[in-house]
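# Summary of the model geometry
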Amino acid sequence: MIDEADDMLRGCDGSDGLSELFGGRTQASGDKGLLNSVLDGVQVPCVWIANVGPESLAPSSRRRFDYSILFGKLDASQRAAIWRNSVSKFKLNRLVTPSLIETLSGKYETSAGGIAMVLRNLADLKPKAADCAALIGKLLEPHCALLGIQTGSAKGVSRDYSLAGLNIHGDMSPVRIVEAVRAFQDHKGDDPDRPRMNILLSGPPGSGKTEFVKHLGEVLKTKVIVKTGSNLLSMWVGGTEKNIANAFTEAENDRAILFFDEVDGLMQARERAQRSWEVTQVNEILQRMESFAGVFIAATNFLQNLDPASIRRFTFKLAFDYLDHDGKMEFFHKMFKTELTPEETNELDAIAHLVPGDFRTVRQSLFYLGATATNADRLAALRQESDMKRQGGVSSFASPIGFHP
Ligand SMILES: Nc1ncnc2c1ncn2[C@@H]1O[C@H](COP(=O)(O)OP(=O)(O)O)[C@@H](O)[C@H]1O
Ligand SMILES: [Mg+2]
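Reading guide: rules and limits
- Residues numbered from 1 in each chain as written.
- Chains lettered and ligands numbered in written order.
- Predicted model: local features only at pLDDT ≥ 70, side-chain atom pairs only at ≥ 80, totals over all residues.
- Heavy atoms only, no water.
- Near = heavy atom within 4 Å.
- Polar contact = N/O pair within 3.5 Å; in protein donor to acceptor, adjacent residues only side chain to side chain.
- Areas by Shrake-Rupley, 256 points an atom, 1.4 Å probe, with all protein chains shown as cover.
- Helix = DSSP H or I, 4+ residues; strand = E, 2+ residues; numbered from the N terminus.
- Nonpolar A, V, L, I, M, F, W, Y, C, P; charged D, E, K, R; others polar.
- Domains from an automatic or database assignment.
- Buried < 20%, exposed > 50% of the residue type's maximum accessible area, 1.4 Å probe, protein only.
- Lys, Arg positive; Asp, Glu negative; His and termini not counted.
- Salt bridge = Lys/Arg side-chain N within 4 Å of Asp/Glu carboxyl O.
- Axes fitted to C-alpha atoms, helices over the stretch in contact; angles between N-to-C directions.
- Left-handed = near helix turned anticlockwise from the far one by under 90°.
- Contact = heavy atoms within 4.5 Å.
- Expected span 1.5 Å × (residues − 1).
- Arc of directions from axis to C-beta.
- Pairing = 2+ DSSP bridges.

## Some words on the site of ligand 1
Taken together, 19 residues surround ligand 1, and among them Ser 162, Gly 206, Lys 209, Thr 210 and Arg 360 come closest. Ser 162 places a polar main-chain atom, nitrogen or oxygen, 2.7 Å from a nitrogen atom of ligand 1. At a separation of 3.0 Å, an oxygen atom of ligand 1 approaches a polar backbone atom of Gly 208. Burial of ligand 1 by the surrounding chains reaches 89%, relative to a free accessible area of 560 Å². Mapped by element, the contributors of at least two residues to the shell around ligand 1 are α11 (209-219), α16 (325-336) and α18 (356-365). Looking at the shell around ligand 1, its residues break down into seven nonpolar, seven polar and five charged. Both domain 3 (168-320) and domain 4 (325-395) contribute no fewer than three residues apiece to the shell around ligand 1.

Given below as structure tokens:
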């Protein structure tokens, strides 16, 4: 068994462009000819273990393996199984309960090595049962930060969430969309022709798109896997397509709602695409959408940049618009829990382009003023949010929001 064989296996003309760029090539790579003659010549059964993906091996070397197994990223149920096995192995069943395992395997996308690290330390530290969950968090958060591992599927939806006040236009009211998604999930059987559940959300920043998807996950008791455009974009050739494919596979395994947030860079119009890979990214998403059996949602701040042909492929489209009179009143009450005088109501009406996020920002900025904050303070702060957008030249000011066929 040749463990940690990464450097030995990386052939001289492997496609390891980046390591070459950073000058790492000379030390990191072996001699492909020599490697291949070793692979051809070994007389005993030989297992090679590498931490790198097959793409960093020269194809001529790859061909020489009789059998190969790719250990992909673990999904939540696989992680739960590893947690369970390891907890028994370290005899920690009393501390790490099944419900804690459920939470941990959903929240931390750790490898088996990370799980073993945590449990080893836990066995040494012997915390009280009540402190156990917090201690595991203390061990896992920095481990994940160090390795760049995403933690936590979406945070919970805000406590005061409701659909009331949102200004949404589209194929269906948001309440009916929630019901349609529920019906889709309850539908039994795997008829390949059954309509897909792909939803596109658009609207200015802060208008409530991300929050709506969290809400959907919560009412349907379904995990939401969130990937932002920047999570998925890769500097490697073909890397983005692979990230996209992996996200769909992960969601399929976890039976989760897959949410691509802020897809603007990822799904821009193909005719405007400067580079071939921008076209293949869009194509990859469209193909995966077609074959995906679960619920797929994408959100964009700039609908006008999106690929028109792709927009048509979504089953439902919802446009989140700036709040209207009723919406502004609703959010003012919801966020500040005060009444407005008729004059203040007029003032609020005069502030243009407000979204739920503005109310939240103002509530946070006035939080420490406590009871000394007045409606005048709140209105002034909201006006400032609105003015800032005008100065920032929000592009959607000029063009109407909504879906144009
Ligand atoms: N329906 C709602 N009820 C209460 N608060 C909301 C609602 N929708 C959005 N918010 C608040 O507005 C903020 C911004 O919303 P978000 O969904 O992040 O906007 P977007 O994704 O469109 O940029 C959220 O953090 C949340 O606090
Ligand atoms: Mg968002």
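## Some details on the side chain of Asp 264
Among the secondary structure elements, Asp 264 is positioned in the loop between β4 (257-261) and α14 (276-291). Despite its burial, Asp 264 remains without a salt bridge, the nearest opposite charge being carried by Lys 209 at 7.8 Å. Polar contacts involving the side chain of Asp 264 include one to the side chain of Thr 300, which spans 2.3 Å. A polar atom in the side chain of Asp 264 sits 3.3 Å from the backbone nitrogen of Asn 301.

## Description of the pattern of salt bridges
A full pass over the atoms with the stated rule returns ten salt bridges. Two residues, Arg 64 and Asp 40, come together in a salt bridge whose shortest N-O distance is 2.8 Å. On the criterion of sequence distance, the pair formed by Arg 64 in the loop between α5 (59-62) and α6 (76-89) and Asp 40 in helix α4 (residues 32-41) is long-range, its members being 24 residues apart. Across the salt bridge formed by Arg 313 and Glu 290, the nearest N and O atoms sit 3.5 Å from each other. Of the two residues, Arg 313 sits in the loop between α15 (308-312) and β6 (316-320) while Glu 290 sits in helix α14, which places them 23 residues apart along the sequence.

## Some points on unusual backbone geometry
Unlike most non-glycine residues, Glu 4 shows phi in positive territory, near 50°. Structurally, the position occupied by Glu 4 is in the segment before α1 (6-9). We classify Glu 4 as exposed; its relative accessible area is 55%. With phi around 60°, His 353 is a residue other than glycine that occupies positive phi space.

## Some thoughts on the packing of α16 against helix α17 (residues 342-350)
The contact between α16 and α17 brings their axes to 10 Å, and the two run at 115°. As for the relative orientation of α16 and α17, their crossing is right-handed in sense. Facing α16, whose interface residues are His 325, Lys 328, Met 329 and Phe 332, α17 presents Thr 345, Leu 348 and Asp 349. A per-class count over the contact of α16 with α17 returns three nonpolar, two polar and two charged.

## Considerations on helix α19 (residues 375-391)
Relative to the 24 Å expected for 17 residues at 1.5 Å per residue, α19 spans 24 Å between its end C-alpha atoms, a close match to the ideal helical length. Taken together, the buried positions of α19 are Asn 375, Arg 378, Leu 379, Ala 381, Leu 382, Glu 385, Ser 386 and Lys 389. Viewed end-on, α19 has its buried residues packed into an arc of 165°, placing them on one side of the element. Residues of α19 that are exposed and point more than 90 degrees away from the buried face comprise Ala 376, Gln 384 and Gln 391. Looking at the buried positions of α19, the neighbouring elements they touch are α16, α17 and α18.

## A closer look at helix α13 (residues 239-254)
One turn of an α-helix holds 3.6 residues; hence residues three or four places apart share an orientation. An ideal rise of 1.5 Å per residue puts 22 Å on 16 residues; α13 measures up with 22 Å between its terminal C-alpha atoms. Within α13, burial applies to Gly 239, Thr 240, Glu 241, Ile 244, Ala 245, Ala 247, Phe 248, Glu 250, Ala 251 and Asp 254. At the exit of α13 stands Arg 255, carrying a positive phi of roughly 50°.

## A look at the environment of Ser 386
Turning to its location among the elements, Ser 386 is positioned in helix α19. The spatial distance from the C-alpha of Ser 386 to the C-alpha of Ala 352 is 6.4 Å, given a sequence separation of 34 residues. In contact with Ser 386, not counting residues within four places along its chain, are Ile 351, Ala 352 and Leu 354. Side-chain polar atoms of Ser 386 contact the backbone oxygen of Ala 352, separated by 2.9 Å.

## Examining the sheet that holds strand β1 (residues 168-170)
A sheet is described by the order of its strands in space; here six strands give the open sequence β1-β6-β2-β5-β4-β3, paired in mixed fashion. Lying at the two open borders of the sheet, with one neighbouring strand each, are β1 and β3 (224-228). Ignoring which end each strand starts from, the neighbouring axes of this sheet average 20° apart. Both strand β2 (residues 197-202) and strand β5 (residues 295-300) contribute to a ladder of six bridges, which runs parallel.

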